Amino acid sequence: MSASQIPVAVLGATGSVGQRFISLLDNHPWFKVVALAGSDRSVGQPYAQACRWVLNDPMPEFACEMVVVPATPECIDAKIVFSALHNEIAKDLEPQFAQAGLAVCSNASSYRRAEDVPLLLPEVNADHIQLVKIQREQRGWSGCILTNPNCTSTGLTVALKALDDSFGVKKVFAVSLQALSGAGYPGIPSLDIIDNVIPNINGEEEKVEWEPRKMLGRLNDSKIDLADISFSVHTNRVAVIDGHTVCASVELARPADPETAEAILRAHRAPASASELPSSPRPVIEVRSEADRPQPRLDRLTGKGMTTVVGRLRRDPILDLKFVVLSHNTIRGAAGGSIYNAELLVNENLL
Ligand SMILES: NC(=O)c1ccc[n+]([C@@H]2O[C@H](COP(=O)([O-])OP(=O)(O)OC[C@H]3O[C@@H](n4cnc5c(N)ncnc54)[C@H](OP(=O)(O)O)[C@@H]3O)[C@@H](O)[C@H]2O)c1
């Protein structure tokens with residue numbers, strides 16, 4: 001490890017999101033992985049033995065021989081932990097790490113709604129990271145918890161941010177088509193999903209109807225005032241491996257024709273503090289003009305999986321505009337998002 005690198009660990013390292021962390025942290029310019037943690041099932045085994053690797057890129061060499069450790073602060077000597085734990089486990093474990101002085105960058109939903117916990121997409125609400133100071137004061141922690149949103153809220157919120165800044169968003173009606181990897185590994189049995197669409201993902205609609213309101217809200221002293229936007233969302237699981245698609249219709253406060261809205265989306269930039277980080281999406285939004293894009297298989301790796309891809313921007317006969325958004329659920333919507341949040345924390349001297 002070079003003197004300037006920050007030691008980091010991955011909790012839930014063997015899972016669907018954990019594997020993405022390991023892949024994205026390989027040769028990261030700022031972070032060096034020093035520990036991989038799992039459940040009792042994996043502890044004590046070399047990572048290559050404990051993990052059934054499912055990504056196309058090979059398992060990074062650094063990880064293969066690392067012995068999986070328990071997910072407790074006593075077993076991990078790092079400054080940042082990336083958490084790919086399920087909610088009920090994260091709820092107990094993440095505060096233990098924050099109390100022990102580590103920054104927890106979490107994918108779990110356990111603390112997303114907590115008033116003093118930032119729910120971050122740096123290209124949308126980088127300023128909300130200042131909540132970390134309040135969190136430390138209120139909880140007496142030297143570490144902290146930062147969260148990234150649910151993977152379906154992610155791309156939708158990036159697109160809404162650009163539209164909201166220019167036209168004011170009042171109402172959103174959205175239907176998701178969510179990839180299988182969003183359910184973890186092994187996820188849904190093949191006989192349930194091949195030749196099928198499952199029109200329910202437990203707890204997901206409530207998340208997508210609430211989380212964008214926090215991220216599009218304003219930081220007002222010590223809390224976030226939720227954005228005054230109404231959402232109605234349907235969430236569906238479809239037989240796609242990676243990449244969540246969302247079809248959205250929006251009502252705006254000020255009129256916008258599709259051409260102007262397209263130009264606004266293309267021009268959207270992250271705030272200065274978040275635009276030049278190693279994981280910053282380049283570009284933040286790509287707008288496709290073909291009638292049949294974005295498509296998950298063709299477009300999910302745009303900008304190394306960090307870019308939000310928008311297409312089919314057109315007038316909506318009931319609301320004002322409609323469009324399709326695609327975002328890579330385990331990269332921008334999970335591991336890549338947490339790493340981007342950690343980079344912002346470092347860049348803001350809050351680690
Ligand atoms: N998949 C996505 O697209 C996505 C997107 C955004 C957010 N998320 C969130 O990210 C989190 C992880 O999701 P996932 O899809 O990666 O799940 P997953 O594939 O089921 O992996 C779960 C991980 O948690 C570990 N684990 C289980 N019980 C544990 C315990 N008691 N102590 C320590 N580690 C334990 C497992 O380790 P062992 O293998 O050792 O048992 C495994 O590494 C969830 O909160 C999910 O909601 C997922």
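Our structure's up above, just so we're on the same page.
Read on for an overview of the structure. (Residues numbered from 1 in each chain as written. Predicted model: local features only at pLDDT ≥ 70, side-chain atom pairs only at ≥ 80, totals over all residues. Heavy atoms only, no water.)

1. Section: the site of the ligand
Logical step 1: Neighbouring the ligand are 27 residues; Thr14, Ser39, Arg41, Ser42 and Leu85 lie closest to it.
Logical step 2: In this structure, Gly184 approaches the ligand through a main-chain N or O atom, which is 3.4 Å from an oxygen atom.
Logical step 3: Of all the secondary-structure elements, those providing two or more residues to the shell around the ligand are helix 1 (16-25), helix 4 (87-99) and helix 13 (331-347).
Logical step 4: Of the residues assigned to the shell around the ligand, the class counts are 10 nonpolar, 16 polar and one charged. (Near = heavy atom within 4 Å. Polar contact = N/O pair within 3.5 Å; in protein donor to acceptor, adjacent residues only side chain to side chain. Helix = DSSP H or I, 4+ residues; strand = E, 2+ residues; numbered from the N terminus. Nonpolar A, V, L, I, M, F, W, Y, C, P; charged D, E, K, R; others polar.)

2. Regarding unusual backbone geometry
Logical step 1: The omega torsion of the bond from Arg282 to Pro283 falls at 0 degrees, within 30 degrees of zero and hence cis.
Logical step 2: Examined against the element boundaries, Pro283 turns out to sit in the loop between helix 11 (272-275) and strand 12 (285-287).
Logical step 3: Residues Arg293 and Pro294 are joined by a peptide bond in cis, for which omega reads 5 degrees.
Logical step 4: Phi is positive for Asp195, which is not a glycine, with a value near 65 degrees.
Logical step 5: With relative accessibility at 75%, the residue Asp195 sits in the exposed group.
Logical step 6: Not every positive phi belongs to a glycine, and Lys304 is a case in point at roughly 55 degrees.
Logical step 7: Mapped onto the secondary structure, Lys304 falls in the loop between helix 12 (296-299) and strand 13 (308-315). (Buried < 20%, exposed > 50% of the residue type's maximum accessible area, 1.4 Å probe, protein only.)

Purely spatial values, then, with no claim about function.
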